[in-house]
Amino acid sequence: MADQHSAAGDTAAPPVALALRWEEPPEGPVLVILDQTRLPAEEVELVCTDVPALVEAIRSLAVRGAPLLGIAGAYGVALAAARGFDVDDAAESLAHARPTAVNLGYGVRRAAAAYHAAAQGGADAGQAAAAALAEARALHREDAEASERMAGHGLALLGELLPAGGYRILTHCNTGALVSGGGGTALAVAAAVHRAGQLRRLWVDETRPLLQGARLTAYEAARAGMAYTLLTDNAAGSLFAAGEVDAVLIGADRIAADGSVANKIGSYPLAVLARYHHVPFVVVAPITTVDLATADGASIEVEQRPGHEVTDITLPYAPAAGAQAGTGIPVAPLGTQAYNPAFDVTPPELVTAIVTERGVVSPVTAAGIAELCARSRSGNGMMSI
């Protein structure tokens with residue numbers, strides 16, 4: 001089950017400290033996550049004591065973002081093991097909580113494999129649970145390290161693509177510390193640009209229908225002191241036409257073997273705009289987001305979200321007069337059908353480069369993706385443009 005309480009502490013603290021953490025109070029281990037549906041108005045934490053509560057948090061987007069979902073999945077397996085629940089059932093439930101983000105299944109399988117390896121090696125239940133937890137913590141650390149390396153590679157890439165400096169970067173959805181064990185993916189690159197004194201403007205797509213850009217990216221940008229401006233998704237074209245965008249940086253939930261990129265709905269139109277206006281379109285994601293078992297973009301399962309996210313405006317924390325928190329205000333006639341895919345897929349020919357912690361792939365081809373993954377498995381070497 002999940003309990004809620006307001007997070008204490010200085011609001012100037014980096015959000016990464018609040019995104020997700022493991023705790024062991026006297027009554028038993030818990031996974032504490034920042035409820036991202038309540039941001040930016042308030043920082044409220046969910047305390048998950050079992051896997052069903054965590055699955056609900058994942059499906060409701062209280063915890064979200066491909067890298068963080070992988071970490072949450074791994075901790076979820078550890079939670080089930082530590083509390084004596086069936087690990088295989090827990091792993092199955094977690095792995096299918098959301099279908100598109102490949103990191104979720106990766107984190108679940110990794111922690112479950114550590115648990116079973118320990119059990120098969122003669123460990124008792126407590127020791128096997130400890131092995132799963134150790135693996136989850138290792139994944140958490142690795143993701144933080146990957147964020148730092150991606151930020152460095154992305155900063156260097158922008159320097160090569162745009163040697164004049166002073167970047168005006170457009171981003172979509174949320175790709176910062178709220179989706180990661182570290183600084184994030186695309187927003188981590190923007191933060192590195194900001195620290196280098198090269199960020200002229202961060203253009204933040206609001207990202208309808210759930211407003212992850214308006215609620216979350218603006219929240220992180222404000223805390224980091226970035227110069228940012230929020231825009232409606234359908235205003236992006238006017239920015240490109242006015243010559244106000246130097247580069248587009250987005251994250252990814254799954255990268256197919258051919259380099260096709262599944263990311264938050266609205267990413268593909270940005271890629272088309274960027275190509276027409278000769279603006280670099282850069283994807284930033286950890287190597288764990290690459291799924292060689294998915295051949296191409298058409299093979300990526302795209303999650304379909306509930307229609308009420310489009311037909312209603314949900315008020316999770318600031319109810320209007322006469323409304324209750326958690327309810328929706330209709331913006332379409334009763335009975336309206338809604339098309340609400342969570343993601344779209346950008347073909348590799350529209351992607352200028354894919355930035356990972358192992359280096360940069362450009363041009364984006366199946367051969368380049370395969371070589372990057374091979375080098376990642378061997379633990380040495382980098383690819384670059």
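Read on for an overview of the structure. Here the structure is a predicted model, which means the values were calculated and not measured.

## Observations concerning the pairing of strand 4 (residues 44-48)
So, step 1. The buried count for strand 4 comes to five of five residues, which makes it a mostly enclosed element.
So, step 2. Of the two faces of strand 4, both are covered, the one formed by Val44, Leu46 and Cys48 as well as the one formed by Glu45 and Val47.
So, step 3. Where strand 3 (residues 30-34) lies against strand 4, four bridges are found, and the strand directions are antiparallel. Within the sheet, the bridge partner assigned to Ile33 lies in strand 4 and is Leu46.

## Topic: the sheet that holds strand 12 (residues 290-291)
So, step 1. The mixed open sheet is built from four strands, whose spatial order is 12-9-10-15. Since the sheet does not close on itself, it has two edges, and those belong to strand 12 and strand 15 (343-346), each with one partner.
So, step 2. Relative to strand 12, strand 9 (residues 254-256) runs parallel, the two being bridged by two bridges. Looking at the pairing, Ala256 lines up with Asp291 of strand 12.
So, step 3. Running at roughly 30° to strand 15, helix 10 (residues 267-276) makes contact with strand 10 (261-264) and strand 15 of the sheet.

## Observations concerning empty space enclosed by the protein
So, step 1. Under the defined criterion, the tally for this structure stands at two cavities of 30 Å³ or more.
So, step 2. Lining the largest cavity are 23 residues, and of these Arg64, Gly65, Ala66, Asn174 and Asp253 sit closest to its centre.
So, step 3. Where the lining of the largest cavity is concerned, the elements lending two or more residues are helix 3 (66-82) and strand 10.
So, step 4. Residue composition of the lining of the largest cavity, by class: eleven nonpolar, eight polar and four charged.
So, step 5. Each pocket or cavity is described by its volume, and for the second largest cavity that value is around 60 Å³.
So, step 6. Around the second largest cavity, the lining residues are Leu61, Arg208, Pro209, Leu210, Gln212, Lys264, Ile265, Arg305, Glu309, Asn340, Pro341 and Ala342.
So, step 7. Here the residues of the lining of the second largest cavity sort into six nonpolar, two polar and four charged.

## Some remarks on the pattern of salt bridges
So, step 1. Applying the stated criterion to the full structure yields 14 salt bridges.
So, step 2. Its salt-bridge partner being Glu206, residue Arg208 comes within 2.8 Å of it at the nearest N-O pair.
So, step 3. Classification of Glu206 by relative accessible area gives buried; the value is 9%.
So, step 4. A salt bridge links Arg305 to Glu309, with the nearest nitrogen and oxygen atoms 2.8 Å apart.
So, step 5. Each of Arg98, Glu303, Arg305 and Glu309 takes part in one network of salt bridges that share partners.

## Observations concerning helix 7 (residues 186-195)
So, step 1. For helix 7, the tally of buried residues reaches eight of ten residues, placing the bulk of the element in the interior.
So, step 2. For helix 7, the set of buried residues is Ala186, Leu187, Ala188, Val189, Ala190, Ala191, Ala192 and Val193.
So, step 3. Of the surrounding elements, those touching the buried residues of helix 7 are helix 6 (125-161), strand 5 (167-171), strand 6 (199-205), helix 8 (212-224), strand 8 (247-250) and strand 11 (281-284).
So, step 4. Of the residues trailing helix 7, Gly197 is marked for its positive phi of about 75°.

## Considering the sheet that holds strand 7 (residues 228-231)
So, step 1. Strand order across the open sheet formed by seven strands is 7-6-5-8-11-16-17, with mixed pairing between neighbours. Each edge of the open sheet is held by one strand with a lone partner, namely strand 7 and strand 17 (359-361). Neighbouring strand axes in the sheet, compared pairwise and without regard to direction, differ in orientation by 25° on average.
So, step 2. Where strand 5 meets strand 6, five bridges bridge the pair, whose relative direction is parallel. Within strand 6, the residue paired with Arg168 across the bridge is Arg201.
So, step 3. Lying on the sheet, helix 7 is in contact with strand 5, strand 6, strand 8 and strand 11; it crosses strand 6 at an angle near 155°.
So, step 4. Each of strand 5, strand 6, strand 8 and strand 11 is contacted by helix 10, which is oriented at about 145° to strand 11, the strand it contacts most.

## Re the packing of aromatic side chains
So, step 1. Throughout the structure, instances matching the rule amount to one aromatic pair.
So, step 2. With 5.9 Å between their ring centres and 25° between their planes, Trp22 and Tyr75 make a pair best called stacked. One end of the pair, Trp22, is in strand 2 (residues 20-23); the other, Tyr75, is in helix 3, with 53 residues separating them in the sequence. Each member of the pair, Trp22 together with Tyr75, is buried.
So, step 3. The ring of Phe343 has Lys264 lying over it, and the distance from NZ or CZ to the ring centre is 4.8 Å.

## Re the environment of Leu273
So, step 1. Within the secondary structure, Leu273 sits in helix 10.
So, step 2. C-alpha of Leu273 to C-alpha of Phe240: the two residues are 33 residues apart in sequence and 7.2 Å apart in space.
So, step 3. Apart from the residues lying within four places of it in its own chain, the contact partners of Leu273 are Ala236, Gly237 and Phe240.

## Some remarks on the packing of helix 5 (residues 102-120) against helix 6
So, step 1. Where helix 5 contacts helix 6, the axes come no closer than 8 Å and their chain directions differ by 145°. At the point where helix 5 passes helix 6, the crossing takes the right-handed sense. The segment helix 5 lies against helix 6, with Tyr106, Gly107, Arg110, Ala111, Ala114, Tyr115, Ala118 and Ala119 engaging Ala128, Ala129, Ala131, Ala132, Glu135, Ala138, Leu139 and Glu142.
So, step 2. Considered class by class, the residues forming the contact of helix 5 with helix 6 number twelve nonpolar, one polar and three charged.

Cut-offs and rules
Residues numbered from 1 in each chain as written. Predicted model: local features only at pLDDT ≥ 70, side-chain atom pairs only at ≥ 80, totals over all residues. Heavy atoms only, no water. Buried < 20%, exposed > 50% of the residue type's maximum accessible area, 1.4 Å probe, protein only. Helix = DSSP H or I, 4+ residues; strand = E, 2+ residues; numbered from the N terminus. Pairing = 2+ DSSP bridges. Contact = heavy atoms within 4.5 Å. Axes fitted to C-alpha atoms, helices over the stretch in contact; angles between N-to-C directions. 1 Å grid on protein atoms, 1.4 Å probe; cavity = no way out; pocket = protein on both sides within 12 Å on 5 of 7 lines; lining within 4 Å. Points joined across faces, edges and corners; volume = space filled by probe spheres on them. Nonpolar A, V, L, I, M, F, W, Y, C, P; charged D, E, K, R; others polar. Salt bridge = Lys/Arg side-chain N within 4 Å of Asp/Glu carboxyl O. Phe/Tyr/Trp six-rings, centres within 6.5 Å; stacked < 30°, edge-to-face > 60°. Lys NZ or Arg CZ within 6 Å of the ring centre and 35° of its normal. Left-handed = near helix turned anticlockwise from the far one by under 90°.

Note that every value here comes from positions in space, so none of it alone points to a role or purpose.
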